[in-house]
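For reference, the chains in residue letters:
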Amino acid sequence: MKKYVIMALALLGMASCSEKKFHVEGNITEAQDSVLYLENVGISEITPVDSVKLSADGSFSFSGEATEAPEFYRLRISDQIINVAIDSTETVTVKAAYPQMATQYEVSGSDNCQKIKELALKQMDLQRRAILVSNNEQLTVDQSNDSILNMIQQYKDEVKKQYIFPAPDKSYAYFALFQTLGNMLLFNPRTNKDDIKVYAAVATSWDTYYPNAERGANLHNIAIEGMKNVRISEANSARTIDASKIQAAGLIDIALNDNKGQLRHLNQLTGKVVLLDFHVFATNESPARILLLRELYNKYHDQGFEIYQVSLDPDEHFWKQQTAALPWINVREDQGLNSSILNLYNVQSVPEFFLIDRGNNLVGRSQTIKDIEQAIKNLL
């Protein structure tokens, strides 16, 4: 009897291990005797994972250990590349023919990989059009540059609207951030204010859904460094701000006036556990939510708990009336539901809350926190 129990446990262990694998498989035809590589596209380097010498039918099958956060790989023969995103234990199937595999391939089993294919083809089309403009001898240098810059801006607007802001937690949103034209990043958070917001939106979402992911932390650092660089640049231009006093925080800042007219920065609450709450007082659900927040505030404020509540109410006078007796920080975004802050924090519906630890790190949101009171107690 013991022998059967041991065997059963062994089989169960093998099954659990197999469940932690991802698989990339398919066929690359017209490439007999070519070597197909599976490579991990890391943050700073590309690392070979596996390879196979293709037979006549071009079949291949790779597998690897699944990770808690999405990871990126590529299939490569010579300079022909197919980018693949892996989310947990999925199986991605790729079919193509060499040497057009980079542009004419089919992918199934992953919506992320399908979107990445769309983005890759759009990027190639942008490059093709930019080369045509650059080679147009009827255009002056300034006209050529202006035309290419306009094409880039149109491309970025489309990608933001269709791929990044609707789902900043997805692998394809991350992939879009690092697309290039030649050696130039299309989204450049180190010098462009608008591009910083795009990186920040994805960083905030990854911080929430993949809190321990190295890629999320890297995005966050890039966004923060970009904000710091832009502020220093503006300070140097205006000659009114001491660049040495500019500090980067570990959180995407919100700076709005409170109900007493005082400017309140979210990132100035370092040292406190903060509930960032997006709220509309002019809703039927508001009174019950405010009662819950009052209870939390009264129980834990003396231990270092604070609430930073962002109102999206259109009527400023009504908002001031509703918040006059509330003890926590109440600010108002006069752009309401059109606020760019909602994009930065990937707020899809209101009310919504986020929890921030004493080090100014975002640690969760409503979708990931089952017991808000226990989560607060754990951080205090």
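For the structure, see preceding data.
Keep in mind that what you see is a predicted model, and the values were worked out from it rather than measured. Residue numbering note: each chain is counted from 1, following its sequence as written. Local features in this predicted model are restricted to residues of pLDDT 70 or higher, and side-chain atom pairs are both shown and tallied only at a pLDDT of 80 or more, whereas totals for entire chains, interfaces and linings draw on every residue. Note that water and hydrogens are dropped before the side-chain values are worked out from all heavy atoms of the structure.

> If you had to explain the overall build of the chain to someone new, which residues and values would you point to?
Helix and strand counts for the chain come out as 10 helices and 17 strands. Between buried and exposed lies partly exposed: a residue is buried under 20% and exposed over 50% of the maximum accessible area for its type, with that area taken using a 1.4 Å probe on protein chains only. Considering the chain as a whole, with its 380 residues, one finds that 44% of them fall into the buried category. Counted over contacts in the chain with a minimum sequence separation of 6, partners at least 24 positions apart contribute 60%. Total accessible area on the chain stands at roughly 20,000 Å², and carbon and sulfur atoms take up 48% of it. Runs of E in the DSSP output that reach at least two residues are strands. Runs of H or I that reach at least four are helices, and both are numbered from the N terminus. Every residue pair with non-hydrogen atoms within 4.5 Å of one another is taken to be in contact. Every accessible area reported is derived by Shrake-Rupley at a probe size of 1.4 Å, with residue values counting cover from the shown protein chains alone.

> How would you sum up the pattern of salt bridges? Please name residues and give values.
Definition used for salt bridges: Asp or Glu carboxyl oxygen within 4 Å of a side-chain nitrogen of Lys or Arg. The final tally for this structure, using the stated rule, is 14 salt bridges. One salt bridge in this structure joins Lys21 and Glu65, with 2.9 Å as the shortest N-O distance. Of this pair, Lys21 sits in strand S1 (residues 21-29) while Glu65 sits in strand S4 (residues 59-65); the two residues are 44 residues apart in sequence, bridging distant segments of the chain. For Lys21, a relative accessible area of 29% corresponds to the partly exposed category. Via salt bridges that share partners, Glu39, Arg74 and Arg76 belong to a single interconnected network.

> Now, about the pairing of S1: what can you tell me, with residues and values included?
Within a regular strand, the side chains alternate between the two sheet faces. The side-chain alternation of S1 yields one buried face, formed by Phe22, Val24, Gly26 and Ile28, and one unburied face, formed by Lys21, His23, Glu25, Asn27 and Thr29. In this structure, S1 lies alongside strand S7 (residues 91-97), joined through 7 bridges in parallel fashion. Within the sheet, the bridge partner assigned to Ile28 lies in S7 and is Ala96. When DSSP finds two or more bridges between two strands, those strands count as paired.

> Describe in detail helix H5 (residues 193-209), supporting the description with residues and values.
Working note: α-helix, 3.6 residues per turn, so residues spaced by three or four point in the same direction. Between its first and last C-alpha atoms H5 spans 25 Å; for 17 residues at 1.5 Å apiece the expected length is 24 Å, and the two agree. Burial runs high along H5: 13 of the 17 residues are buried. Counting of polar contacts relies on pairs of N or O atoms within 3.5 Å, with two restrictions inside protein: one atom must be capable of donating a hydrogen and the other of accepting it, and residues adjacent in sequence are counted only when both atoms are side-chain atoms. The N-cap residue of H5 is Asn192: its side-chain oxygen and the backbone nitrogen of Asp194 are 2.9 Å apart. Given a helix with a known number of residues, its expected span is that number minus one, times 1.5 Å.

> Any chance you could break down the side chain of Glu71 for me, citing the residues and the numbers?
Looking at the secondary structure, you find Glu71 in strand S5 (residues 71-77). The class for Glu71 is buried, based on a relative accessible area of 17%. A distance of 2.3 Å separates a polar atom in the side chain of Glu71 from a polar atom in the side chain of Arg215. Ignoring any residue separated from it by four or fewer positions in sequence, one finds Glu71 in contact with Asn40, Val41, Val84, Ala85, Ile86 and Arg215.

> Report on the packing of helix H7 (residues 286-300) against helix H10 (residues 372-379), specifying residues and quantitative values.
Describing two packed helices takes the angle between their axes plus the distance from one axis to the other. In contact at an axis separation of 11 Å, H7 and H10 are set at 25 degrees when each is read in the N-to-C sense. When the axis of H7 is compared with that of H10, the two are roughly parallel. Seen along the crossing, H7 lies across H10 with a hand that is right-handed. In this structure, H7 contributes Leu296, Lys299 and Tyr300 to the contact, and H10 contributes Ile372, Glu373, Ile376 and Lys377. Here the term charged refers only to Asp, Glu, Lys and Arg, the term nonpolar to Ala, Val, Leu, Ile, Met, Phe, Trp, Tyr, Cys and Pro, and the term polar to all other amino acids, Gly among them. Residues belonging to the contact of H7 with H10 are distributed by class as follows: 4 nonpolar, no polar and 3 charged. The axes used here are C-alpha line fits, helices contributing only the stretch in contact, and every angle between their N-to-C directions lies in the interval 0 to 180 degrees. Any angle between 65 and 115 degrees counts as roughly perpendicular, while under 35 counts as roughly parallel, over 145 as roughly antiparallel, and the rest as oblique. In this scheme, a crossing is called left-handed if the near helix is turned counterclockwise away from the far one by less than a right angle; it is called right-handed if the turn is clockwise.

These figures come from the coordinates and say nothing about function on their own.
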